[in-house]
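Notes for the structure review
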Amino acid sequence: MISHYNKERIKRFYNYDPSKENSIFSKAKELLNKNISEAISASPYRSRCLNPRSKGDIGNIIQECCFGLPANSSELPDFPEAKIELKIIPLERTSQGLTVKERTKICSINYHKLIKEIWPSSHAKRKLNKILFIYYEYNALSKLDSKIKFCDMWALNKIKEQPIIRSDWEVVKKKVEQGLAHELSETLSRILAATRSGSGGVDQNGIARDLTTQPNSRIPALRRAFSIKQSYTNQRWLELFKKDIFESIIDTLPGASASNFEDKVLKKLWSFKGQKLGDFANKLKISIPSGKNAAAAIIKKAIGFKNVNSRIKEFDQIGTEVRVLPIRTKDHKPWEAVSFSQFKFKEVIKEAWEDSELLQFVDSILFIPIYRKAAKTPLSQRVIGKAFLWKPTKNELETIQEEWSMYLDEIKSGKAKPRKIKSGSKTKEVTSLSKESNTKIIHIRPHAKNRKDRDEDQFGNRPVKHSFWLNKAFVHELLRKNV
DNA sequence: GAGTGATCATGG
DNA sequence: CCATGATCACTC
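Just so you know, these numbers come straight off a predicted model, no measurement behind them.

Applying the stated criterion across every chain, the model contains 29 salt bridges. Ionic pairing is found between Lys229 and Asp363, a salt bridge with its closest N-O pair at 3.0 Å. Residue Lys229 is located in the loop between strand S9 (224-228) and helix H8 (230-242), and its partner Asp363 is located in the loop between helix H15 (357-361) and strand S15 (364-372); the two are separated by 134 residues in the primary sequence. For Lys229, a relative accessible area of 6% corresponds to the buried category. The salt bridge partner of Glu456 is Arg462, with a shortest N-O separation of 2.9 Å. Relative accessible area serves as the criterion here: at 29%, Glu456 is assigned to the partly exposed category. When salt bridges with common partners are traced through the structure, they connect Lys11, Asp17 and Lys20 into a single cluster.

Shown next, in the form of structure tokens:
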């Protein structure tokens, strides 16, 4: 008998039937708009205290106090009879509004067992069968005031992305079969990824602490777990909660399916190669915006979207960014480096690589090269090039991580401190951070509104705001490979 | 024209 | 108003 799960006890004390999906979902709905302390006070478990140091404790508290399911490490779903898994998802407020804070761990991977599994009966698929997602707004200052916002009953066999999830799983399994578990990386996957799990870090000899054995190779591999990527959960949350902000490629582009939409989009875009933006826009009866929407507008109209302001559902799910790449016609060189999202010096130094903003951004980028003869060539005269999708290779990713770590070290040692230097007739401000010419793929560089738009490091130095950028030479190389 | 600090311009 | 995509612009 299952020791932690007592249906009669749950029915009596928690007033719902844990064997019935409808009953579970209504119970979840009762929690909406409550904060954690209110949710607990309605429970027979109300004397339960929140452990402020435990990362997942809000999840545990909801599971225990609201559903009567004590934490356990059983391989069975949280609601075993209804075959439903419970996942509590933290949201955080960013410049984009409320967004999903982190990836969702599904189950740990045992490399030896994985290679003996097939997808239909796999451990991962059983866990993914049906999931009750409960979203709450994380309040870092006062965890008990974190507020429950939304619940969603998600079923694997009801979503279009099932083929993607399956192929993600197959890719991981294949790597392990080949004895390459040590080469696994999140970037191999689009929705279901093999993420690192365990304590992380390295021991005093510089050896990773989370190593385990793998079949078909004697090389130790990092311990990993299957997780649903943040971008996917975030897209799902935004779509359900905000409504009408997405259009789907699969629904719009003829012949596109969950497993081929990236190819279909690229092929469609290639069919516009060589056209002038002006002619293209005329044909589609649109005006191309001059601002940062240009790339998105082109791609959306090319695909057949009705509304240029919609977000692209599938790209949001797999975390693909769409960027215009201005190119000089003469020598096919990019006009500029490509900027990433801004960071705060005090925050970036606390990041772990696996969870870093930068890693998220470089997950996958769809570049649309736009050729122009001169800086001032009017938009309508610029020519659409051959779009390409960049996902960093393992080597590229290693370089990016090295360079990222180097910058973190520099910031920690105070190299972000600005000083004024004379430059001809003017003064300018420089930091001691490494320059673009010292790195291969990424660099740090000012990205502020003006000189007054400043950030602050942990020493109280106040440099202007900075961002990570993709090096111009590197982007040029990508372009050359994709002609 | 490479290199890099400084900013413009747009839209949410 | 501010983050963000995209560029400008100055010096060597």
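Next comes the rest of the account.
Right, let's get into the protein's contact with DNA strand C. Every one of the 22 residues lining DNA strand C counts as a neighbour, but Pro326, Glu336, Arg372, Ser423 and Lys465 are closest to it. Here Glu336 contributes a side-chain N or O atom positioned 3.0 Å from a base nitrogen of DNA strand C. The residue makeup of the surface near DNA strand C, split by class, is five nonpolar, nine polar and eight charged.

Turning to helix H2 (residues 21-29), its buried residues are Ser23, Ile24, Lys27 and Ala28. Considered in projection along H2, the buried side chains sweep an arc of 140° and stay on one side of the axis.

This next bit is on the sheet that holds strand S20 (residues 442-446). Here three strands make up an open sheet; going across it, the order is S14-S21-S20 and the pairing antiparallel. The outermost strands of the open sheet, each flanked by one partner alone, are strand S14 (338-343) and S20. Taking the axes of each pair of neighbouring strands and ignoring which way they run, one obtains an average angle of 35° across the sheet. Where S20 meets strand S21 (residues 466-470), five bridges bridge the pair, whose relative direction is antiparallel. Each bridged residue has a counterpart across the sheet, and for Ile442 the counterpart in S21 is Leu470.

Further remarks concern the environment of Asp453. By the element assignment, Asp453 lies in the loop between S20 and S21. For the pair Asp453 and Pro463, spaced ten residues apart in the sequence, the C-alpha separation amounts to 8.8 Å. Excluding its chain neighbours within four sequence positions, the residues that come into contact with Asp453 are Ala448, Val464 and Lys465. Within the structure, Asp453 has its side chain in polar contact with the side chain of Lys465 (distance 2.9 Å).

The subject of this paragraph is the sheet that holds strand S5 (residues 147-155). An order of S2-S1-S4-S5 is seen for the four strands of this open sheet, with the pairing classed as mixed. The sheet is open, and its two borders are formed by strand S2 (97-100) and S5, each paired with just one other strand. Each strand of the sheet is rotated relative to its neighbour by a mean of 30°, with strand direction disregarded. As judged from the seven bridges shared by strand S1 (residues 85-94) and strand S4 (residues 130-137), these two strands associate in the parallel manner. Bridging from a neighbouring strand, Ile88 pairs with Ile134 of S4. In the packing of helix H4 (residues 57-67) onto the sheet, the strands contacted are S1, S4 and S5, and the crossing angle to S1 comes to about 130°. Strands in contact with H8 are S1, S2, S4 and S5; relative to S5, the strand with the most contacts, it is inclined by about 105°.

Let us look at the domain arrangement of chain A. As assigned here, chain A comprises domain 1 (7-235) and domain 2 (319-482). Its C-alpha centre places domain 1 at a distance of 33 Å from the equivalent point of domain 2. With ten residues of domain 1 at the interface, the matching set in domain 2 holds nine residues. Counting the surface lost from both domain 1 and domain 2, the interface buries some 800 Å², and carbon and sulfur atoms represent 40% of this. Ranking the residues of domain 1 by area buried against domain 2 places Arg103, Thr187 and Ser231 at the top, with a combined share of 48%. Summed over the shared surface of domain 1 and domain 2, the number is one salt bridge. Where domain 1 touches domain 2, the interface holds three residue pairs in polar contact (both at pLDDT 80 or more). Residue composition of the side of domain 1 that touches domain 2, by class: no nonpolar, four polar and six charged.

Cut-offs and rules
Residues numbered from 1 in each chain as written. Chains lettered and ligands numbered in written order. Predicted model: local features only at pLDDT ≥ 70, side-chain atom pairs only at ≥ 80, totals over all residues. Heavy atoms only, no water. Salt bridge = Lys/Arg side-chain N within 4 Å of Asp/Glu carboxyl O. Helix = DSSP H or I, 4+ residues; strand = E, 2+ residues; numbered from the N terminus. Buried < 20%, exposed > 50% of the residue type's maximum accessible area, 1.4 Å probe, protein only. Near = heavy atom within 4 Å. Polar contact = N/O pair within 3.5 Å; in protein donor to acceptor, adjacent residues only side chain to side chain. Nonpolar A, V, L, I, M, F, W, Y, C, P; charged D, E, K, R; others polar. Arc of directions from axis to C-beta. Pairing = 2+ DSSP bridges. Axes fitted to C-alpha atoms, helices over the stretch in contact; angles between N-to-C directions. Contact = heavy atoms within 4.5 Å. Domains from an automatic or database assignment. Buried area = accessible area lost by both parts, 1.4 Å probe.

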